Amino acid sequence: MTQCRTNCVEKPLRRAFRKLGILVSKYSWCFLTIPLILSAALGSGFSSLRTHESNDIEEQFTPIYGPAKSEREFIKNHFPTNDSEFFSGQRLYTEGVFASFIAVSKDDNILTAAAFQEILSLDADVKQLSINNSQGVTYNYSSLCTRMANSCFGNEILNIINHSLATKKRISYPTMNKTFMGLAVGGVDQDQNYINKAKAIKLDYYLQEDNDDMKTLSLLWLKNFLQVFPNKLKNQNNIMVSYFTSISRQEEFEGTSKKIIPLFSVTYFLSIFFSIISCMRLDCVRNKVWVAALGVISAGLAVLSGFGLLLYCGMKFAINTANAPFLILGIGVDDMFVMLASWQKTKVTDKIEDRLADTYAEAAISITITTLTDVLAFYIGIMTPFRSVQSFCVYTGTTVLFCFIYNITFFGAVLSLNGRREASNRHWLTFRKVKSDQEPEESKCYSMCCVGGAYNSETGAELEHPVYFFFKKYYGPWFTNIWTKALVVVLYIGYLAVSIYGCINIKEGIDLRNLAFDGSYVIKFYDDQSAFFSKYGPRVMVAVTEPVEYWNSTVQDEIETCMGRLENNSYVDPELSESWLRVYIAISNQMLIDIQEKNAFLENLSTLFHVVPAFKQDLTSERINASRFFIQTINVNTPVAEKNMLIELRKLAQECQIPLLVYHPAFIYFDQYLVIVSNTIQNVVVAAAAMLIIALLLIPNPICSIWVTFSTASVLVAVAGFMTFWGVNLDSISMINLVICIGFSVDFSAHISYAFVSSDKETANERSIDALYSLGYPIIQGALSTILGVVVLAAAASYIFRTFFKIMFLVITFGAVHGLIFLPVFLTFSASCRKSNSAKSDKRTNPAGNPGNSNEAFEQKISNDLNSSKGISRGQDPDCPCLPVSNASNSFPLPKHLPLQQCDM
């Protein structure tokens with residue numbers, strides 16, 4: 001395995017980056033200004049941001065091709081609503097246009113005269129609200145309300161309570177005078193079928209939406225309701241009130257972005273501050289303040305370019321995409337630290353072209369691996385059936401690509417220009433030349449300000465940060481100790497066990513209340529509804545989708561069998577079903593009407609509609625091309641219950657011989673449960689496979705590539721597991737973040753693995769120490785900078801952005817733990833995880849096959865001369881010049897650092 005050549009991509013890529021480094025160094029000002037001009041041009045695309053914003057909750061957070069959407073189209077086409085004549089809330093194919101409020105008693109019972117009077121007062125206030133259209137015409141509630149029998153469709157519960165208080169008669173529950181009250185009276189304490197007391201009353205006010213003009217007026221009325229109604233709640237002595245409208249969730253969701261945008265400026269400041277502090281040196285020449293600041297600006301330019309380009313192209317911008325700039329900032333700064341670390345290891349006395357070429361050859365491969373995995377992870381996320389995920393992935397993937405491009409152009413130019421300043425020994429702030437040596441009589445303060453340019457005379461590189469010394473002398477040797485390795489393995493087993501336990505117990509589904517920001521009136525309404533009205537769930541339509549012979553007794557029996565199976569489900573109350581066919585059969589038996597023949601069945605339907613006018617909306621036409629029934633669900637109060645209820649009812653409908661579908665507007669959101677897990681797994685598997693291929697191509701050892709894949713999978717399991725402990729559900733929002741995990745979880749592991757493979761140390765322990773010494777500090781810098789990039793989101797008053805912070809924190813933390821603890825130990829178990837000899841030799845030569853600098857050229861010349869004159873066997877390593885010891889003194893002078901070996905002549 002040690003001789004396996006896997007550098008077929010890495011080798012030419014190193015050559016290409018070396019050439020790019022030379023080019024950037026020669027034309028630094030061009031590579032500095034062109035990205036600035038390009039960013040300014042593309043950034044103007046932000047002017048169309050408002051046009052391309054797409055924050056419709058249903059569109060963004062429900063599956064694109066969810067079954068409920070096609071079911072809704074069927075119901076819409078076959079059972080159109082009539083809001084102005086025969087309104088029925090349970091027959092709506094959408095949520096409708098409505099305002100609601102829940103009155104909760106301050107004591108144990110809301111069914112008291114005092115509480116009831118306050119409810120009636122609020123009811124009157126709602127009905128008195130009015131609006132004016134553009135022509136100045138006034139519309140009040142009575143002119144906009146949905147109607148039944150030429151009057152507003154009202155809240156029957158008010159009449160029932162009023163009658164009960166007046167007559168002292170008890171109210172039956174859950175039905176009273178054929179009126180279902182499970183969704184109007186909550187927190188019920190009942191004795192058999194009668195209410196002893198109740199905690200809450202819910203009133204709904206539905207408005208017409210038969211045409212666009214009426215819907216526009218209704219929406220204006222709702223906006224007026226949201227402005228006026230809260231002022232009516234100040235003087236309630238017996239009740240507490242929460243309220244909601246059909247536009248509330250959407251308006252509150254759209255308002256979230258206004259609360260998040262200011263946080264980006266805080267994040268940008270923190271990132272620049274951290275970068276400057278971590279790159280600051282006391283040496284006034286070697287100080288990297290400008291490099292750090294411009295490195296962060298490079299990430300900002302990527303955001304301008306990536307977002308601006310896509311906005312120019314008309315790509316929809318979902319609100320959750322506002323997370324991306326925080327993420328890009330972390331990615332860009334991470335790559336900056338890796339490049340800067342490589343630059344600082346080059347010889348300060350070399351030409352700037354050589355230094356930048358060496359930097360690109362070493363660091364560019366590492367950041368290319370991480371960029372490719374990040375970009376692929378995001379673009380693979382486009383396969384998910386959620387538009388919010390697609391929007392985020394397209395914007396973020398494209399911007400990460402720009403971030404990489406600007407790192408190897410704009411930031412490379414910054415390194416080159418800064419290198420020229422350092423080469424001329426100029427002050428980092430004043431740009432004036434300073435002395436390189438301190439005079440004995442000069443004070444320390446003077447030396448710090450006016451003396452600089454020191455470097456390590458032995459290595460020729462810049463003086464190392466103390467953290468590098470810590471990793472080399474203390475941290476690395478301690479972690480490669482046999483007892484420490486055993487402890488790390490034990491800790492890892494415990495870590496993995498806890499993570500798997502969390503994965504098993506993860507919850508699914510997005511809670512719609514989380515789409516509003518903290519403190520919103522929407523959350524209070526959802527809380528009251530959950531607390532007092534969770535017993536009864538959606539009232540589900542059961543539609544017969546094709547014409548059948550309803551007059552045929554066999555068909556009637558089959559329909560009854562199907563309804564019976566649905567009613568026997570654990571999530572259905574069989575006593576609360578509604579079937580026009582049952583009522584029709586009962587009426588025909590009572591009136592001795594024969595409906596066993598087609599014409600008689602159809603002709604006598606008018607009798608049914610006379611008794612129950614609402615049933616006219618449950619049959620499509622005289623030929624009955626389709627019809628529908630209703631079942632009442634119960635105890636659907638958790639995401640798991642919602643998922644199971646949906647799956648079970650659909651399965652029962654499909655198993656029926658009569659063509660049936662089940663539908664409720666809430667099913668549009670429940671559909672996410674059917675795809676969220678499978679799509680998450682699909683994205684993770686595909687992205688992980690792509691990441692493995694990239695690692696195999698760019699990391700010159702297949703075993704190390706497998707270790708990187710293993711590390712990535714381990715981080716993913718941990719993030720998913722600890723989501724459970726941090727109260728994060730698996731939904732379309734967290735799915736985005738799990739896609740991010742693929743890219744970010746490989747970053748630190750890839751850096752360490754590549755450094756481990758590239759090390760020329762002999763033993764696995766030494767290579768592990770060398771890898772930690774080379775990249776330990778950049779990994780810490782990258783991890784801290786990324787966390788700082790998202791930490792402000794922890795204070796965001798929005799579930800979406802807090803969830804993003806939580807998962808990003810988990811990803812970076814576990815990724816850094818793997819890169820700095822687990823992987824350096826596990827790599828030592830694979831002694832063959834190193835470059836082949838031939839791969840090593842490529843590292844010492846430039847793209848043309850000639851030595852990279854004068855010393856290397858001299859060494860190579862000696863090696864060639866010796867090989868040709870002494871007859872060294874071809875099997876020897878060409879990287880190691882072999883010189884007979886007896887003749888060494890007679891040869892021409894050799895560089896002191898040239899290795900001498902005994903040859904078998």
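Residues numbered from 1 in each chain as written. Predicted model: local features only at pLDDT ≥ 70, side-chain atom pairs only at ≥ 80, totals over all residues. Heavy atoms only, no water.

### A closer look at helix H17 (residues 466-479)
And step 1. Here H17 contains 14 residues, and its C-alpha end-to-end distance of 18 Å stays within 8% of the 20 Å for a straight helix at 1.5 Å per residue.
And step 2. If you look at H17, its biggest bend is around 35 degrees, right at Lys 472.
And step 3. Tyr 468, Phe 471, Tyr 475, Gly 476 and Phe 479 are the residues of H17 that are buried.
And step 4. In this structure, the buried residues of H17 make contact with helix H13 (324-344), helix H18 (482-504), helix H29 (764-791) and helix H30 (799-827). (Helix = DSSP H or I, 4+ residues; strand = E, 2+ residues; numbered from the N terminus. Expected span 1.5 Å × (residues − 1). Bend = angle between axes of the 7 residues up to and from the residue. Buried < 20%, exposed > 50% of the residue type's maximum accessible area, 1.4 Å probe, protein only. Contact = heavy atoms within 4.5 Å.)

### As for the packing of helix H14 (residues 352-380) against helix H15 (residues 387-423)
And step 1. Axis separation between H14 and H15 bottoms out at 10 Å; the angle between their running directions is 170 degrees. As summarised for this structure, H14 and H15 are arranged roughly antiparallel, according to the angle between their axes.
And step 2. Here the contact of H14 with H15 is composed, by residue class, of 16 nonpolar, 11 polar and four charged. (Axes fitted to C-alpha atoms, helices over the stretch in contact; angles between N-to-C directions. Parallel < 35°, antiparallel > 145°, perpendicular 65-115°, else oblique. Nonpolar A, V, L, I, M, F, W, Y, C, P; charged D, E, K, R; others polar.)

### Brief notes about the nonpolar core
And step 1. Trp 580, Phe 601, Val 719 and Leu 793 are the most contacted members of the largest nonpolar core, which has 182 residues in total.
And step 2. Among the elements that take part in this core, H30 stands out by supplying 18 residues, more than any other.
And step 3. Beyond its immediate stretch of four places on either side in the chain, Leu 793 contacts Ile 260, Leu 263, Asn 323, Phe 326, Phe 801, Arg 802, Phe 804 and Phe 805.
And step 4. Judged by nonpolar contacts, the second largest core, of 61 residues, contains Tyr 173, Ile 201, Ile 239 and Ile 634. (Core = buried A, V, L, I, M, F, W, Y, C linked by side-chain atoms within 4.5 Å.)

### Comments concerning the packing of H18 against helix H27 (residues 702-725)
And step 1. Where H18 meets H27, the closest approach of the two axes is 7 Å, and the angle between their N-to-C directions is 55 degrees. The angle between H18 and H27 places the two elements in the oblique class. Here H18 runs over H27; the crossing is left-handed. Where H18 abuts H27, its residues Tyr 492, Tyr 495, Leu 496, Val 498, Ser 499, Ile 500, Tyr 501, Gly 502 and Cys 503 lie against Phe 710, Ser 714, Val 715, Val 717, Ala 718, Ala 720, Gly 721, Phe 722, Thr 724 and Phe 725.
And step 2. Classifying every residue of the contact of H18 with H27 gives 14 nonpolar, five polar and no charged. (Left-handed = near helix turned anticlockwise from the far one by under 90°.)

### Section: the sheet that holds strand E15 (residues 627-634)
And step 1. In spatial order, the strands read E14-E15-E13-E16; together these four strands make up an open sheet with antiparallel pairing. Looking at strand neighbours, the two that pair on one side only are strand E14 (572-578) and strand E16 (660-663), the edges of this open sheet. Here the strands of the sheet are splayed against their neighbours by 30 degrees on average, with no regard to which way each runs.
And step 2. For strand E13 (residues 536-544) and E15, the ladder comprises seven bridges, and the chain directions are antiparallel. For Val 544, the partnering residue across the bridge sits in E15 and is Ser 627.
And step 3. Lying over the sheet, helix H5 (residues 67-78) contacts E13, E15 and E16, oriented at roughly 105 degrees with respect to E16.
And step 4. Lying over the sheet, helix H24 (residues 639-655) contacts E13, E14, E15 and E16, oriented at roughly 160 degrees with respect to E16. (Pairing = 2+ DSSP bridges.)

### Section: the sheet that holds strand E1 (residues 97-105)
Backbone hydrogen bonds are what pair the strands of a sheet, in a parallel or an antiparallel way.
And step 1. In spatial order, the strands read E8-E11-E1-E12; together these four strands make up an open sheet with antiparallel pairing. Here the strands that pair on one side only, and so sit at the sheet edges, are strand E8 (185-186) and strand E12 (239-245).
And step 2. In this structure, E8 lies alongside strand E11 (residues 200-207), joined through two bridges in antiparallel fashion. Along E11, the bridge assignment pairs Gly 186 with Ala 200.
And step 3. Strand contacts of helix H9 (residues 212-228): E1, E11 and E12, with the helix running at about 30 degrees to E1, the strand carrying the most contacts.

### What about the environment of Leu 310?
And step 1. Structurally, Leu 310 can be placed in helix H12 (residues 289-312).
And step 2. Sequence separation between Leu 310 and Gly 45 is 265 residues, and the spatial gap between their C-alpha atoms is 7.9 Å.
And step 3. Ignoring any residue separated from it by four or fewer positions in sequence, one finds Leu 310 in contact with Met 315, Val 394, Tyr 395 and Thr 398.

### Considering the state of the cysteines
Simply put, the disulfide is a covalent bond whose two ends are the sulfur atoms of two cysteines.
And step 1. A complete count under the given rule lists two disulfides for this structure.
And step 2. Each sulfur in the disulfide pair Cys 145 and Cys 152 lies 1.8 Å from the other. The sign of the S-S torsion, about -75 degrees, decides the handedness of the disulfide formed by Cys 145 and Cys 152: left-handed.
And step 3. Since its relative accessible area comes to 0%, Cys 145 is described here as buried.
And step 4. Judged by its relative accessible area of 28%, Cys 152 falls in the partly exposed class.
And step 5. Disulfide pairing is shown between Cys 562 and Cys 656; the S-S distance is 1.5 Å. One disulfide, between Cys 562 and Cys 656, carries an S-S torsion of 65 degrees and so falls in the right-handed class. Note that Cys 562 is positioned in helix H20 (residues 553-567) and Cys 656 in the loop between H24 and E16, a separation of 94 residues in sequence. (Disulfide = S-S within 2.5 Å.)

### Examining the pattern of salt bridges
Side chains bearing opposite charge may pair, as long as their charged atoms lie close to each other.
And step 1. Inspection of every chain in the model, using the stated rule, returns 22 salt bridges.
And step 2. Of the charged contacts, one joins Arg 170 and Asp 191 as a salt bridge, the two residues approaching to 3.8 Å between their closest N and O atoms. Of this pair, Arg 170 sits in the loop between helix H8 (156-167) and strand E6 (175-176) while Asp 191 sits in strand E9 (residues 189-191); the two residues are 21 residues apart in sequence, bridging distant segments of the chain.
And step 3. A relative accessible area of 38% means that Asp 191 is categorised as partly exposed.
And step 4. One salt bridge in this structure joins Asp 204 and Lys 202, with 2.9 Å as the shortest N-O distance. (Salt bridge = Lys/Arg side-chain N within 4 Å of Asp/Glu carboxyl O.)

### Observations regarding the confidence of the model for the protein
And step 1. Put simply, the protein has an average pLDDT of 83, and 88% of its residues get 70 or more.
And step 2. For the protein, helix H33 (residues 885-888) is the element with the lowest average pLDDT, namely 37, and E16 is the one with the highest, namely 96.
And step 3. Counted against residues more than four places away or in other chains, residues 838-905, with its pLDDT under 50, gives 68 contacts. (pLDDT = per-residue confidence, 0-100.)

### Re the pairing of strand E10 (residues 194-197)
And step 1. Where E9 meets E10, three bridges bridge the pair, whose relative direction is antiparallel. Paired with Asp 191 across the bridge in E10 is Tyr 194.
And step 2. Between the end of E9 and the start of E10, which pair antiparallel, lie two residues, with Gln 192 showing a positive phi angle near 55 degrees.

### Topic: the packing of aromatic side chains
And step 1. Under the defined criterion, the tally for this structure stands at 62 aromatic pairs.
And step 2. When the centroid spacing of 5.0 Å and the interplanar angle of 55 degrees are considered together, the rings of Phe 722 and Phe 814 count as tilted. In this pair, Phe 722 is assigned in helix H27 and Phe 814 in helix H30, connecting sequence segments 92 residues apart.
And step 3. An aromatic cluster is defined as three or more aromatic residues linked by ring pairs; in this entry it consists of Tyr 492, Tyr 495, Tyr 501, Trp 707, Phe 710, Phe 722, Phe 725, Phe 814, Phe 822, Phe 826 and Phe 829. (Phe/Tyr/Trp six-rings, centres within 6.5 Å; stacked < 30°, edge-to-face > 60°.)

### Structural notes on helix H21 (residues 580-590)
In an α-helix, one turn spans 3.6 residues; hence positions three or four apart end up facing the same way.
And step 1. Taken together, the buried positions of H21 are Trp 580, Leu 581, Tyr 584, Ile 587 and Ser 588. All buried residues of H21 fall inside an arc of 125 degrees around its axis, so they share one side. For H21, the exposed residues set more than 90 degrees away from the buried face come down to Asn 589 and Gln 590.
And step 2. Against H20, E14, helix H22 (598-603), helix H23 (605-611) and E15 lie the buried residues of H21.
And step 3. At the exit of H21 stands Leu 592, carrying a positive phi of roughly 55 degrees. (Arc of directions from axis to C-beta.)

### Considering the environment of Pro 67
And step 1. The topology assignment puts Pro 67 in helix H5.
And step 2. Exposure remark for Pro 67: the relative accessible area of 37% places this residue in the partly exposed category.
And step 3. Residues Pro 67 and Ile 668, spaced 601 residues apart in sequence, show a C-alpha to C-alpha distance of 8.0 Å.
And step 4. The contacts of Pro 67, once residues within four sequence positions are left out, are Arg 650 and Asp 671.

### Some points on unusual backbone geometry
And step 1. Residue Pro 174 is reached from Tyr 173 by a cis peptide bond, and omega for that bond is 15 degrees.
And step 2. Relative to the helices and strands, Pro 174 resides in the loop between H8 and E6.
And step 3. A positive phi angle, near 55 degrees, is found at Gln 192, a position not held by glycine.
And step 4. When its relative accessible area of 68% is taken as the criterion, Gln 192 is described as exposed.
And step 5. Positive phi, close to 55 degrees, is recorded for Leu 592, a residue that is not glycine.
And step 6. With respect to the element layout, Leu 592 can be found in the loop between H21 and H22.
And step 7. Residue Leu 592 is classed as exposed on the basis of its relative accessible area, which comes to 76%.

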